[in-house]
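What follows is the residue order along each chain.
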Amino acid sequence: MPARDPAGPTQELVSDVFARGCTSRAAFEDVTSKWASLALLALGEGRYRFNALRRRIDGVSERMLSQTLQTLERDGMLTREVLTAIPPRVEYSLTPLGARVAEQLRGLADLLEASVPDLQAARDTHERDRG
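Residues numbered from 1 in each chain as written. Predicted model: local features only at pLDDT ≥ 70, side-chain atom pairs only at ≥ 80, totals over all residues. Heavy atoms only, no water.

Looking at an unreviewed UniProt entry, the protein carries the name Transcriptional regulator, HxlR family, with the source organism given as Micromonospora coriariae.

Laid out in structure tokens, this is it:
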């Protein structure tokens, strides 16, 4: 049995989303941005070409979607596949990690969609009380 280090693991091996320099925190920030979350949710439905994904995510600009997809690809959440066709096509799909993250986001989205009456009532009450 190997000897245990009484000092514990080095800081480099500890993952803590609350720690400023932790990789998990940076990924958390990337994933929880509005456009990234919506892109992951959409890609949870299946593969998408860029323009179809842009149409699916109402309101996102071409530039913002492109930046978002690059960030998610860098974080290992999705893959970008260039298909040989005329004209060339690019399709995006989730990696296994991206699929796990999208599944968690789907649960949150489902909860929020089912709670729209409660959300609206709370907003109406808040607005009335502030008014």
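More follows now that the structure is in view.
Student: I'd like a rundown of the overall build of the protein, residues and numbers included.
Tutor: The helix and strand tally for the protein stands at six helices and three strands. N-terminal to C-terminal, the α/β element order of the protein is α-α-β-α-α-β-β-α-α. Its C-alpha radius of gyration of 20 Å places the protein more than 25% over the 14 Å reference for a compact globule of 131 residues. Summarising its shape, the C-alpha atoms of the protein cover approximately 60 × 60 × 25 Å along the three principal directions. (Helix = DSSP H or I, 4+ residues; strand = E, 2+ residues; numbered from the N terminus. Rg over C-alpha atoms; globule rule 2.2 N^0.38 Å.)

Student: Run through the layout of surface pockets, naming residues and quoting values.
Tutor: Put simply, the largest pocket is a space of about 200 Å³. Breaking the lining of the largest pocket down by element, the ones donating at least two residues are α2 (34-43) and α5 (96-114). Residues of the lining of the largest pocket, tallied by class, amount to five nonpolar, no polar and five charged. For the second largest pocket, the calculated volume is near 160 Å³. Along the walls of the second largest pocket sit Arg49, Phe50, Asn51, Ala52, Arg55, Arg80, Pro88, Arg89, Val90 and Tyr92, which together make up its complete lining. For the lining of the second largest pocket, the leading source of residues is helix α3 (residues 50-56), giving four residues. Of the residues in the lining of the second largest pocket, the class split is five nonpolar, one polar and four charged. (1 Å grid on protein atoms, 1.4 Å probe; cavity = no way out; pocket = protein on both sides within 12 Å on 5 of 7 lines; lining within 4 Å. Points joined across faces, edges and corners; volume = space filled by probe spheres on them. Nonpolar A, V, L, I, M, F, W, Y, C, P; charged D, E, K, R; others polar.)

Student: I'd like a rundown of the environment of Phe50, residues and numbers included.
Tutor: Mapped onto the fold, Phe50 is located in helix α3. Judged by relative accessible area, Phe50 falls into the buried class, the value being 16%. Contacts of Phe50, omitting those with residues within four sequence positions, involve Glu62, Leu65, Ser66, Leu69, Val90 and Tyr92. (Buried < 20%, exposed > 50% of the residue type's maximum accessible area, 1.4 Å probe, protein only. Contact = heavy atoms within 4.5 Å.)

Student: Residues and numbers for the packing of α2 against helix α4 (residues 62-74), please.
Tutor: Contact geometry of α2 with α4 gives a least axis separation of 10 Å together with a crossing angle of 75 degrees. Comparing their axes, α4 and α2 come out roughly perpendicular. On the side of α2, the interface is formed by Trp35, Ala36, Ala39 and Leu40, while α4 contributes Met64, Thr68, Leu69 and Leu72. Here the contact of α2 with α4 is composed, by residue class, of seven nonpolar, one polar and no charged. (Axes fitted to C-alpha atoms, helices over the stretch in contact; angles between N-to-C directions. Parallel < 35°, antiparallel > 145°, perpendicular 65-115°, else oblique.)

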